[in-house]
Amino acid sequence: MNEMRTPPPNTASLLPRYHSKSSPRRCYSTITASTTNRNLNSWFTNYVDKTNVFSWNSVIADLARSGDSLEALRAFASMRKLALKPNRSTFPCAIKSCSALLDLLSGKQTHLQALLFGFHSDLFVSSALIDMYAKCRHLTDARKLFDETPQRNVVLWTSMITGYVQNNNGLEALLLFKEFLIQDDRLGEVSVDSVAVVSLLSACARVPQKGLTEAVHGFVIKKGFDGELGVGNTLVDAYAKFGAVGVSKKVFDGMVEKDRVSWNSMIAVFAQNGLAAEALEVFRGMIEESDVKYNSMTLSTVLSACAHLGALRVGKCVHDQVLKMGLEDNVIVGTSIIDMYCKCGRVEMAKKAFDSMKEKNVRSWTALIAGYGMHGLAKEALEVFYNMIRTGVKPNYITFVSVLAACSHAGLLEEGWHWFNAMSNQFNLDPGLEHYGCIVDLLGRAGRLSEAYDLVMKMKIRPDFVIWGSLLAACRIHKNVELGEISAWKLFDLDPTNCGYYVLLSNIYAEAGRWKDAERMRILMKSRGLVKPPGFSLVELKGRVHTFLVGDQEHPQHQKIYEYLEELSAKLLEVGYVPNMASVLHDVDEEEKEITLRVHSEKLAVAFGIMNSVPGATIQVIKNLRVCSDCHTVIKFISRIVNREIVVRDSKRFHHFKDGSCSCGDYW
DNA sequence: TCCTCCCTCA
């Protein structure tokens, strides 16, 4: 977009040709409605009296409003070069543009100029400055200005309160709001407005205090602000921040008027809370039942819902829409597209989308690295990472999570170690739980259990269930009872409702021939009333997502699917498949055995996919848990028997099954 | 004509 812009109107060719006598504002607004900034600037250059401060104000304001902050600042600079004296309306827009660009330097310069022209106590100017300093993370400067302004209006208060919220200091924001109320009280005024209330509610969403949002909601109703659009929008978000997604939906449904923010908020709430199907449903509602047009924010949220669901077809449609709307140069949208293709199993499409991006930020690079990593393509992931560094983009915490995860998925211990050390030595980043988790995983799988354990003991942060979980899993592979016990008992404390650890430890005992201990774990697990979370798998067919549960009897085609699986299993035995039920057969009681033997969702989903697609088509399945080892073996055989590529995304990574083998190399 | 809020990506 930048190269499309006209140069600022301070060049020789842009000298005024015509001095308008009529009100520039009136002409101006009729033109802006249908013109781009490019036309707008040339129009301005040709027809507006450039010695008129009011005209300049209009131009700066309009550019700032349309989001073209850079151009607004250029216009401001041009105006200053003409030695025109800015008035009190000039500064707020200029400052707002600095704040939108997070350009602290220009912000400070503009601040100085405002002082120079004597606007130090102007509320409009001060509010804009407080906002600018807060957005640029200079909260103390913002607060200083706030404190130095004796006559405060609601906008000034709101700017400061919002400043705290934006800097993640919800508590301070709440306290300041309280002060605001006290001031109102003292002056016998009611100046609190709906915008102030919106800031208050967004502060609530950042304070982990139970019942706070409800209480403030009550206050909002009492004050009569509950019908306000912005208030409703914020409530949708605030309730969801505490997991009360149902309440969010209720607020949303109860809103008489809904704008783009309302729809976007509701879609985002569902998408961010793992309810991707619901998110897509709301998006459908937005298109079909409202007159509200979606924008880039909507589409990036929808893309992330598609990524979660693995809904490739829907994702592709959204991608098409992005292209149609000319939003492909938007970094956030572009990054969402990369992530969507990666998580829908199409890394090569992700790479294509990545290559075509004009502007890439650290998240775009990280998305692609993570994408290659989850497909087991560690070499490619590292290659992208090196390119990123060469390009001069600074990797962050998450980038290193992606790099190390890529190494971990491919078993690249040496590279993993190197980058784990480099992150603190060269990049000044402290390793967090995720990074330790990857290294523990790498060491553990390589059989270097005592090193892994030493690392865990030396960690500066308290190891969590993921860390001990990797260690426990490694103990199972390498048959280490002692360390397995230590890890498992940590896990019983850290993640008490997860029964997987009991099963793992029980299996470790069983494999060591310690049947009594194995039995003891089973009993303990039972006495604590723990059950496995139900596994389910998703398959997208003709744009619809089908869900399968373990031992599913609900799906309309379930009978046919079971018949087909019967057919397949006969063929499987012919080609040499031996059912792997080692862990099932050991020492479970009958009832449990039956449960375990219920057909896993991934098998159902794969069968369904094959039955309903043309020969040769790739089957793609998404599972909420990790693929079990028996299913993994079976699917390998199936890929050979039916001569299909089968892609399974489980909770940890992708498996590409082809010709009887899997891309993970049985290492996952 | 000017200021403050709510929704997006790894």
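Residues numbered from 1 in each chain as written. Chains lettered and ligands numbered in written order. Predicted model: local features only at pLDDT ≥ 70, side-chain atom pairs only at ≥ 80, totals over all residues. Heavy atoms only, no water.

Engineer: Pulling in residues and values, what's your account of the sheet that holds strand β3 (residues 619-623)?
Structural biologist: In space, the six strands of this open sheet follow the order β2-β1-β3-β4-β5-β6, with mixed pairing throughout. On the outer flanks of this sheet lie β2 (544-549) and β6 (661-662), each paired with one strand and no other. In the sheet, β3 pairs with strand β4 (residues 646-649) via four bridges, with the strands oriented parallel. In the sheet register, Ile619 faces β4, and the bridge partner there is Ile646. (Pairing = 2+ DSSP bridges. Helix = DSSP H or I, 4+ residues; strand = E, 2+ residues; numbered from the N terminus.)

Engineer: I'd like a rundown of the protein's contact with DNA strand B, residues and numbers included.
Structural biologist: For DNA strand B, the set of nearby residues contains 41 residues, the closest of which are Val155, Asn233, Asn264, Gln272 and Ser300. Expressed as a percentage, the sugar and phosphate content of the atoms of DNA strand B within 4 Å of the protein is 44%. Contact distances for DNA strand B include 3.1 Å between a base nitrogen and a side-chain N or O atom of Arg363. (Near = heavy atom within 4 Å. Polar contact = N/O pair within 3.5 Å; in protein donor to acceptor, adjacent residues only side chain to side chain.)

Engineer: Would you mind going over helix α34 (residues 601-611) in detail, with residue names and values included?
Structural biologist: Burial runs high along α34: ten of the eleven residues are buried. Among the residues of α34, those classed as buried are Ser601, Glu602, Lys603, Leu604, Ala605, Val606, Ala607, Phe608, Gly609 and Ile610. (Buried < 20%, exposed > 50% of the residue type's maximum accessible area, 1.4 Å probe, protein only.)

Engineer: An account of the pattern of salt bridges is requested, with residue identities and associated values reported.
Structural biologist: A side chain with one charge can pair with a side chain of the opposite charge if their charged atoms come near. Under the definition given, this model contains 25 salt bridges. Where Arg514 meets Asp517, a salt bridge forms, and the shortest distance between an N and an O atom there is 2.9 Å. What makes Asp517 buried here is its relative accessible area of 18%. With its nearest N and O atoms 3.1 Å apart, the salt bridge here joins Arg520 to Asp517. Here Arg520 and its partner Asp517 are both found in helix α30 (residues 515-527), three residues apart, which amounts to about one turn of the helix. (Salt bridge = Lys/Arg side-chain N within 4 Å of Asp/Glu carboxyl O.)

Engineer: An account of the packing of helix α24 (residues 413-425) against helix α25 (residues 433-445) is requested, with residue identities and associated values reported.
Structural biologist: Look at α24 against α25: their axes get within 10 Å of each other, and the N-to-C directions meet at 155 degrees. Viewed along their axes, α24 and α25 adopt a mutual orientation that is roughly antiparallel. Crossing of α24 over α25 shows left-handed handedness. From α24, Leu413, Gly416, Trp417, Phe420 and Met423 reach across to α25, where they touch His435, Tyr436, Ile439, Leu442 and Leu443. Class assignment of the residues belonging to the contact of α24 with α25 gives a composition of eight nonpolar, two polar and no charged. (Axes fitted to C-alpha atoms, helices over the stretch in contact; angles between N-to-C directions. Parallel < 35°, antiparallel > 145°, perpendicular 65-115°, else oblique. Left-handed = near helix turned anticlockwise from the far one by under 90°. Contact = heavy atoms within 4.5 Å. Nonpolar A, V, L, I, M, F, W, Y, C, P; charged D, E, K, R; others polar.)

Engineer: Break down the pairing of strand β1 (residues 536-541) for me, with residues and values.
Structural biologist: Judged by how many residues are buried, β1 sits mostly within the fold: five of six residues are covered. Connecting the antiparallel pair β1 and β2 is a turn made up of two residues, with Lys542 showing a positive phi of about 45 degrees.

Engineer: Please give an account of the UniProt feature "repeat: PPR" (unreviewed entry) in chain A that cites residues and values.
Structural biologist: Per the UniProt annotation, the sites labelled "repeat: PPR" (unreviewed entry) are residues 52-86, 122-156, 259-289, 330-360 and 361-395. Taken end to end, residues 259-289 has its terminal C-alpha atoms 12 Å apart, with 87% of it in helix and 0% in strand. Taken end to end, residues 330-360 has its terminal C-alpha atoms 9 Å apart, with 71% of it in helix and 0% in strand. (UniProt positions renumbered as here; feature names shortened; annotations may be inferred.)

Engineer: Lay out unusual backbone geometry with the relevant residues and their values.
Structural biologist: Positive phi, normally seen in glycine, also occurs at Arg137, with a value near 65 degrees. Overall, the relative accessible area of 56% leaves Arg137 in the exposed class. With phi around 55 degrees, Asn643 is a residue other than glycine that occupies positive phi space. For Asn643, the location among the structural elements is in the loop between α35 (629-641) and β4. Asn643 sits in the exposed class, given a relative accessible area of 55%.

Engineer: Break down the packing of aromatic side chains for me, with residues and values.
Structural biologist: The tally for this structure, following the rule as stated, stands at 22 aromatic pairs. An angle of 40 degrees between the planes, with centres 6.0 Å apart, marks the rings of Tyr386 and Trp419 as tilted. Residue Tyr386 is located in helix α22 (residues 378-391), and its partner Trp419 is located in helix α24; the two are separated by 33 residues in the primary sequence. Here a set of aromatic residues connected by ring pairs shows up, and it is made of Phe146, Trp157, Phe177, Phe180 and Phe219. The side chain of Arg152 reaches across the aromatic face of Trp157, ending 5.4 Å from its centre. Over the aromatic face of Phe252 sits the side chain of Lys258, whose NZ or CZ is 4.9 Å from the ring centroid. (Phe/Tyr/Trp six-rings, centres within 6.5 Å; stacked < 30°, edge-to-face > 60°. Lys NZ or Arg CZ within 6 Å of the ring centre and 35° of its normal.)

Engineer: Which residues make up the nonpolar core, and what are the values?
Structural biologist: The tendency in soluble globular proteins is for nonpolar side chains to be buried side by side. Met132, Met160, Phe180, Ile338 and Trp419 are the most contacted members of the largest nonpolar core, which has 165 residues in total. Setting aside residues no more than four positions away along its own chain, Trp419 makes contact with Leu382, Phe385, Tyr386, Ile389, Phe400, Val403, Leu404 and Phe427. Listed in part, the 28 residues of the second largest apolar core include Tyr564, Tyr577, Val621 and Cys664. (Core = buried A, V, L, I, M, F, W, Y, C linked by side-chain atoms within 4.5 Å.)

Engineer: Kindly report on the side chain of Thr399, identifying the contributing residues and their values.
Structural biologist: Inspection of the secondary structure puts Thr399 in helix α23 (residues 397-410). For Thr399, a relative accessible area of 0% translates into the label buried. Sequence-distant contacts of Thr399, defined by excluding residues within four places in its chain, comprise Val362, Thr366, Ile369, Phe385 and Met388.

Engineer: Go over the side chain of Ser290 with me, naming the residues and quoting the values.
Structural biologist: With respect to the helices and strands, Ser290 occurs in the loop between α16 (276-289) and α17 (296-309). A polar atom in the side chain of Ser290 sits 3.2 Å from the backbone nitrogen of Val292. With sequence-adjacent residues up to four places away left out, Ser290 is seen in contact with Trp263 and Gly285.

Engineer: Outline the packing of helix α5 (residues 90-100) against helix α7 (residues 123-135), supporting the account with residue identities and numerical values.
Structural biologist: In helix packing, the relevant descriptors are the interaxial angle and the interaxial distance, both defined with respect to the helix axes. Between α5 and α7, whose axes approach to 9 Å, the crossing angle comes to 5 degrees. Our classification of the angle between α5 and α7 gives roughly parallel. On α7, the residues that touch Phe91, Pro92, Ile95, Cys98 and Ser99 of α5 are Phe124, Val125, Ala128, Leu129, Asp131, Met132 and Lys135.

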